[in-house]
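Close look at the chain arrangement
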2 protein chains.
Amino acid sequence: MLTGQSTVGILATVNDHPERAPRYFEDYVPGLVVDCGAFSVSEEEIIAFAKEYDPQPFHVDPVQAADGPYGGLIASGWHTTSLMMRQLVEHFVSPESSLGAAGIDEIRWPKPVRPGDTLHVRASVREARRSGSKPDRGIIRSLAEVTNQDGDLVMKLTAINFVRLRDPSA
Amino acid sequence: MLTGQSTVGILATVNDHPERAPRYFEDYVPGLVVDCGAFSVSEEEIIAFAKEYDPQPFHVDPVQAADGPYGGLIASGWHTTSLMMRQLVEHFVSPESSLGAAGIDEIRWPKPVRPGDTLHVRASVREARRSGSKPDRGIIRSLAEVTNQDGDLVMKLTAINFVRLRDPSA
């Protein structure tokens, strides 16, 4: 299990972590839990993302947001998913084996993300099976959970990823 | 039904479209289909988004991507969802009634998005019901579909949104 590292403001790739051994399909065993680190979210970042991708009043305008349904500015759910993805790429996914995602099941945003929140990401492998049609790969279903500094769950989702086998002949 | 407008590079909010009447819960009738416009995605945008949020080789490095699983650079799925959201905010969601999203069911990315693709977004209301606990709002389930210039589906998802009623006493 990796120890989480804060990566605020760092545009890192997995290649920047040479100490980490690559993971292949065989390593994503159901039950594996990986700490994917923590990061903080500023009001400035929340507004900048939302102005470009999700310009609803409660994401872009602190004054309107104060009188809005959340009593203040909150992050776009797509901002939270994107920030979570960065942590997954740095701590859970390997460039040697990742073949992309087929999709996502059940994103839930049970609590809002607010400016100044510190978010922590954890990934858990739930299912792993070989592909029926392509012998070089398997399909992994993983639960990603994002919690805030109070331990409240702010997002969860299940990702469906294609992952290369280390040894397709096994 | 609204006519789609390209919004490439424009950071617009619904307030920039004064001709559009606000939609409330009562207006999101199952069967309603809304054309949410089209936009193009450049290689530069794909790389910039992915460097920040999803720095996998096939999203950030055209040379590595050429030898990778997709035979070239493709957009992060989170980039596609974020760009889709901008179209939904401009054409489907109303700032007068939107109370945010509870979550998303079943994102699927059946085909990759490549540099230069022109993507078209369409939203269809599938279910609408009043909230059991909060009389001022309802819950809408909508299918969002994104197709490319060849008519291929590149993404679909089902969004679950809270929407204010025009007349909660009705």
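Residues numbered from 1 in each chain as written. Chains lettered and ligands numbered in written order. Predicted model: local features only at pLDDT ≥ 70, side-chain atom pairs only at ≥ 80, totals over all residues. Heavy atoms only, no water.

**Let's talk about the overall build of chain A**
Applicable threshold: Labels follow the DSSP assignment, with helices taken as runs of H or I lasting at least four residues and strands as runs of E lasting at least two, numbered in each case from the N terminus. Contact definition: two residues touch when any of their heavy atoms are within 4.5 Å.
Helix and strand counts for chain A stand at 4 helices and 5 strands. Shown N-terminal to C-terminal, the secondary structure of chain A runs as helices and strands in the order β-α-α-α-α-β-β-β-β. For chain A, the share of sequence-separated contacts (at least 6 apart) that also reach a separation of at least 24 residues comes to 73%.

**Side note on a negative patch on the surface**
Formally: Like-charged residues within 9 Å of one another, or nonpolar side chains (Val, Leu, Ile, Met, Phe, Trp, Tyr) within 5 Å, are grouped into patches, provided each residue has over 30% relative accessible area and no salt bridge. Reported accessibility uses the Shrake-Rupley method at a 1.4 Å probe radius. Residues are deemed covered only where the shown protein chains occlude them. Take a side-chain nitrogen of Lys or Arg and a carboxyl oxygen of Asp or Glu: if they are within 4 Å of each other, that pair is a salt bridge. In summary, the charge assignment counts Lys and Arg as positive and Asp and Glu as negative, without counting His or the chain termini. Where a charge lies is defined by one atom per residue type, namely NZ (Lys), CZ (Arg), CG (Asp) and CD (Glu).
A surface patch of like charges, here negative, comprises Glu43, Glu44 and Glu45 of chain A together with Glu52 of chain B. For the negative patch, the element with the most residues is helix H1 (residues 43-53) of chain A, which contributes 3 residues. Mapped onto the secondary structure, Glu44 of chain A falls in helix H1.

**Considerations on the packing of H1 of chain A against helix H4 (residues 77-91) of chain A**
Residue and element names in this part refer to chain A. Let me state the cut-off plainly: For every element, the axis is a line fit to its C-alpha atoms; helices are fit only across the contacting stretch, and the angle between N-to-C directions ranges from 0 to 180 degrees. Orientation is classified from the angle alone, with under 35 degrees giving roughly parallel, over 145 giving roughly antiparallel, 65 to 115 giving roughly perpendicular, and any other angle giving oblique. Throughout this entry, Asp, Glu, Lys and Arg are counted as charged residues, while Ala, Val, Leu, Ile, Met, Phe, Trp, Tyr, Cys and Pro are counted as nonpolar. The remaining residues, Gly among them, count as polar.
Closest axis-to-axis distance for the H1/H4 pair is 9 Å, and the angle between their directions is 110°. In terms of their interaxial angle, H1 and H4 are classed as roughly perpendicular. Facing Glu45, Ile46 and Phe49 of H1, the residues of H4 in contact are Trp78, His79 and Ser82. Of the residues belonging to the contact of H1 with H4, the class tally is 3 nonpolar, 2 polar and 1 charged.

**Some thoughts on helix H1 (residues 43-53) of chain B**
For clarity, the cut-off: Note on classification: 1.4 Å probe, protein chains only; a residue is buried when its accessible area is under 20% of the maximum for its type, exposed when over 50%, partly exposed between these limits. Directions pointing from the helix axis toward each C-beta atom define the arc.
Among the residues of H1 of chain B, Ile46, Ile47, Phe49, Ala50 and Tyr53 of chain B are the ones counted as buried. Buried positions in H1 of chain B, seen along its axis, are confined to an arc of 170° and lie on one side of it. Taken together, the buried residues of H1 of chain B touch H1 and H4 of chain A together with helix H2 (57-60), helix H3 (62-66) and helix H4 (77-91) of chain B.

**Brief notes about the confidence of the model for chain A**
Residue and element names in this part refer to chain A. Put simply, the rule is: Note on scores: pLDDT gives the predictor's confidence for each residue, bounded by 0 and 100.
Of all residues in chain A, 89% have pLDDT values of 70 or greater, and the mean over the chain is 90. This model gives residues 1-16 a pLDDT under 50, and the stretch forms 38 contacts once residues within four places in sequence are excluded. Among the scores for the predicted complex, ipTM is 0.88 and pTM is 0.89.

**Structural notes on the environment of Ala128 of chain B**
Residue and element names in this part refer to chain B. Considering the arrangement of structural elements, one finds Ala128 in strand S3 (residues 118-130). Separated by 102 residues in the primary sequence, Ala128 and Glu26 have C-alpha atoms spaced 8.8 Å apart. Those residues in contact with Ala128 that sit more than four places away from it in its chain are Phe25, Tyr28, Pro30, Ile139 and Ile140.

**A few points about the packing of aromatic side chains**
Short version of the rule: Note on aromatic pairs: the rings of Phe, Tyr and Trp (six-membered ring only in Trp) are paired at centre separations within 6.5 Å, and the planes decide the class, stacked below 30 degrees, edge-to-face beyond 60, tilted for the rest.
Evaluated as defined, the whole model comprises 11 aromatic pairs over all chains. The interplanar angle of 85° and the centroid separation of 5.8 Å between the aromatic rings of Tyr53 of chain A and Phe49 of chain B together place this pair among those described as edge-to-face. With Tyr53 of chain A in helix H1 and Phe49 of chain B in helix H1, this residue pair bridges two chains. Take Tyr53 of chain A: its relative accessible area is 9%, and that puts it in the buried class.

**Digging into the interface of chain B and chain A**
How we decide: Think of a polar contact as two N or O atoms within 3.5 Å of one another; within protein, one of them needs to be a possible hydrogen donor and the other a possible acceptor, and neighboring residues in sequence only count if both atoms come from side chains.
Facing 39 residues of chain B, the contacting portion of chain A comprises 39 residues. Inspection of the chain B/chain A interface yields 2 salt bridges. One salt bridge in this structure joins Asp105 of chain B and Arg108 of chain A, with 2.8 Å as the shortest N-O distance. Between the two partners, chain B and chain A, sit 14 residue pairs in polar contact (both at pLDDT 80 or more).

**Some details on the relation of the copies chain B and chain A**
Condition: The copies were overlaid with a least-squares fit restricted to C-alpha atoms from residues scoring a pLDDT of at least 70 in each copy.
Between chain B and chain A, which share one sequence, the superposing operator has a rotation angle of 180° and an axial displacement of 0.0 Å; the RMSD is 0.0 Å. The two molecules are tied by a two-fold rotation axis, judged by turn and shift. When the interface residues of chain B are mapped onto chain A, 100% of them are again interface residues, pointing to one common binding face.

**Let's talk about the pattern of salt bridges**
All told, the structure shown has 14 salt bridges over all chains when counted by the stated rule. The shortest N-O distance in the salt bridge between Asp152 of chain B and Lys111 of chain B comes to 4.0 Å. With Asp152 of chain B in the loop between strand S4 (137-147) and strand S5 (153-164) and Lys111 of chain B in the loop between strand S2 (98-108) and S3, this pair connects stretches of sequence that are 41 residues apart. Each of Asp105, Glu127 and Arg141 of chain A together with Arg108 of chain B takes part in one network of salt bridges that share partners.

**Description of the sheet that holds strand S1 (residues 33-40) of chain A**
Note the following rule: Pairing between two strands requires that DSSP report at least two bridges joining them.
Read from one edge to the other, the open sheet built from 10 strands follows the order S1(A)-S3(A)-S4(A)-S5(A)-S2(A)-S2(B)-S5(B)-S4(B)-S3(B)-S1(B), with strand pairing classed as antiparallel. At either end of the open sheet lies a strand with only one pairing partner, and these are S1 of chain A together with strand S1 (33-40) of chain B. If you compare each strand with its neighbour and ignore which way they point, the axes differ by 25° on average. Pairing between S2 of chain B and S5 of chain B: 6 bridges, direction antiparallel. Bridge pairing links Ser98 of chain B to Val163 of chain B in S5 of chain B.

**Some remarks on unusual backbone geometry**
Positive phi is not limited to glycine here, since Glu106 of chain A has a value of about 50°. Relative to the elements of secondary structure, Glu106 of chain A occurs in strand S2 (residues 98-108).

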